[in-house]
Amino acid sequence: MRHSVVGAGPGFQVDPAGLAGMAGRVGRAYDDFGGAVVGFREGGGSFPSAFGEFGVGDAWTSFNAAWSSELDVTRSALAELIRKVSTTAQRYEEAEATVIASVHQAGAP
């Protein structure tokens, strides 16, 4: 069921099932990204000597460490997005159930 959101402007609606589906899609992206991170860490920083002389290996080691940290930040952001979208969908569904129960208690059909 779609819900209109008060104060959100004309035509704005929320579909809790759609939100839950989006959380699932972001979850799959999180899993895919996690696999890419593992692949990067397994092959991305093991051989700085392959770059030869002149400090390139050291530069690569520094870059690799910084990039690895950024990957962790991105993965954490995806996990937070999953939690927030899932929580939002759950709260809309709970609100809907509360409204339906209230309407039935008031004697509406």
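What you see is a predicted model; the values in this text were computed from it and never measured. (Residues numbered from 1 in each chain as written. Predicted model: local features only at pLDDT ≥ 70, side-chain atom pairs only at ≥ 80, totals over all residues. Heavy atoms only, no water.)

### Remarks on the overall build of the protein
Move 1: A tally of helices and strands in the protein yields two helices and two strands.
Move 2: Listing each helix as α and each strand as β along the protein from the N terminus yields β-β-α-α.
Move 3: Counted over contacts in the protein with a minimum sequence separation of 6, partners at least 24 positions apart contribute 61%.
Move 4: Within the structure as shown, the protein displays about 7700 Å² of accessible surface, and the carbon and sulfur contribution to it stands at 60%. (Helix = DSSP H or I, 4+ residues; strand = E, 2+ residues; numbered from the N terminus. Contact = heavy atoms within 4.5 Å. Areas by Shrake-Rupley, 256 points an atom, 1.4 Å probe, with all protein chains shown as cover.)

### Things to note about the packing of aromatic side chains
Move 1: According to the stated counting rule, one finds two aromatic pairs in the structure shown.
Move 2: Ring geometry for Trp60 versus Phe63: centroids 5.3 Å apart, planes at 35 degrees, classification tilted. On the criterion of helical spacing, the pair formed by Trp60 and Phe63 is a turn pair, its members being three residues apart in helix 2 (residues 56-105).
Move 3: For the ring pair Phe63 and Trp67, a centre distance of 6.0 Å and an interplane angle of 10 degrees mean the geometry is stacked. Of the two residues, Phe63 and Trp67 are both situated in helix 2; the distance of four residues between them amounts to about one turn of the helix.
Move 4: Assessed through its relative accessible area of 42%, Phe63 is described here as partly exposed. (Phe/Tyr/Trp six-rings, centres within 6.5 Å; stacked < 30°, edge-to-face > 60°. Buried < 20%, exposed > 50% of the residue type's maximum accessible area, 1.4 Å probe, protein only.)

### Structural notes on the packing of helix 1 (residues 16-43) against helix 2
Move 1: Running from N to C, helix 1 and helix 2 cross one another at 165 degrees; their axes reach a closest spacing of 9 Å. It follows from the interaxial angle that helix 1 and helix 2 lie roughly antiparallel. Two packed elements cross with a definite hand, and for helix 1 against helix 2 that hand is left-handed.
Move 2: By residue class, the composition of the contact of helix 1 with helix 2 is 21 nonpolar, seven polar and four charged. (Axes fitted to C-alpha atoms, helices over the stretch in contact; angles between N-to-C directions. Parallel < 35°, antiparallel > 145°, perpendicular 65-115°, else oblique. Left-handed = near helix turned anticlockwise from the far one by under 90°. Nonpolar A, V, L, I, M, F, W, Y, C, P; charged D, E, K, R; others polar.)

Everything listed is a geometric property; what it means functionally is a separate question.
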